Amino acid sequence: GHGYEIPGADVSSDSTLIASACRSNTPQHAVIRIFDTKNWSEVKPFLSFHALTITKLRFSKDNRLLLSVSRDRKWAIWERNFEDNSFALKHSNEKAHTRIIWDCDWAPLEFGEVFVTGARDKSIKVWKNDDATHDFAGVGSLKLGEPVTAVSVYGSAIEGKIVIAVGLESGPIQIYSFGSAFELLTELDDSMTPAGKIMRLRWSSLQRDGKLSLGVASSDCSCRVYSLHL
């Protein structure tokens, strides 16, 4: 159904839906298409909000919400109707960052409805659904030394905090925790990090000998797995 190449897609954790989006310079093509894995048919209608390429799609851990971020600097949250698997726009922010949002990820459900974004404006931000306003607001922001190109949130809390892996444009990888503020836990040594832009980060759900595993893909054509003890 897409007119151009697909830079990213995501699968719901219940394995029933696939969300995808293609490269776009116009709102006409900057849409999300949902596919049902039972029969591989598209769930209509497609989802329209963004004006430029959607850079990342992420289903929430409970499969109820779909988060999208884009080159248009906006994020959107779509709510799923479980009866027919259709989605409706529930929340959006048209001034989330000042430059392209490259990546996003949901926090573990124990923190409520919380997600993280990383952008070309050199910042990572944490967003939380406010119980009073029933809308998402920024609860944390951190400015780094270069554009943020990838983020990944570990699947469970560590010492009551969110753990976020952050990839930067020239190849550095940093690990932060977030409770009420950001704290740098570790930065991987330059001798073992990629020579190019970090394109994707993903934590494994498995632990071995108390160590976490982090998968990394880079524009230098390398794929790496790091073992980290936090």
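Computed from a predicted structure; not experimentally measured. (Residues numbered from 1 in each chain as written. Predicted model: local features only at pLDDT ≥ 70, side-chain atom pairs only at ≥ 80, totals over all residues. Heavy atoms only, no water.)

Re unusual backbone geometry
Logical step 1: Cis rather than trans, the peptide bond between Lys44 and Pro45 has omega equal to 0°.
Logical step 2: Structurally, Pro45 is set in strand S4 (residues 42-48).
Logical step 3: Positioned with a positive phi, Arg73 is a non-glycine residue whose angle comes to about 75°.
Logical step 4: Positive phi, normally seen in glycine, also occurs at Asn85, with a value near 65°.
Logical step 5: For Asn85, the location among the structural elements is in the loop between strand S7 (75-81) and strand S8 (86-93). (Helix = DSSP H or I, 4+ residues; strand = E, 2+ residues; numbered from the N terminus.)

Overview of the side chain of Asp10
Logical step 1: In this fold, Asp10 is placed in strand S1 (residues 8-11).
Logical step 2: Polar side-chain contacts of Asp10 include one of 3.4 Å to the side chain of Arg58.
Logical step 3: Not counting the four nearest positions on each side in its chain, Asp10 is found in contact with Leu17, Ile18, Ala19, Leu57, Arg58 and Phe59. (Polar contact = N/O pair within 3.5 Å; in protein donor to acceptor, adjacent residues only side chain to side chain. Contact = heavy atoms within 4.5 Å.)

Remarks on the sheet that holds S4
Logical step 1: With antiparallel pairing, the four strands of this open sheet are ordered in space as S1-S2-S3-S4. Where the open sheet ends on each side, the last strands, each with one partner, are S1 and S4. Recorded for the sheet is a direction-independent mean angle of 20° between the axes of neighbouring strands.
Logical step 2: Where strand S3 (residues 31-36) lies against S4, four bridges are found, and the strand directions are antiparallel. Across the sheet, the residue bridging to Ile32 is Leu47, located in S4. (Pairing = 2+ DSSP bridges. Axes fitted to C-alpha atoms, helices over the stretch in contact; angles between N-to-C directions.)

Examining the nonpolar core
One broad trend across soluble globular proteins is that nonpolar side chains are buried collectively.
Logical step 1: Core analysis: the biggest nonpolar cluster contains 18 residues, and Ile124, Leu144, Val148, Ile162, Ile164, Val166 and Phe182 have the highest contact counts within it.
Logical step 2: Of all the secondary structure elements, the ones that give two or more residues to this core are strand S10 (114-119), strand S11 (123-130), strand S13 (148-153), strand S14 (162-168) and strand S15 (173-178).
Logical step 3: When residues in this core are grouped by element, the largest group, four residues, is from S14.
Logical step 4: Aside from chain neighbours lying at most four places away, what touches Val148 is Trp102, Gly118, Ala119, Arg120, Lys122, Ser123, Ile124, Val166, Gly167 and Leu168. (Core = buried A, V, L, I, M, F, W, Y, C linked by side-chain atoms within 4.5 Å. Buried < 20%, exposed > 50% of the residue type's maximum accessible area, 1.4 Å probe, protein only.)

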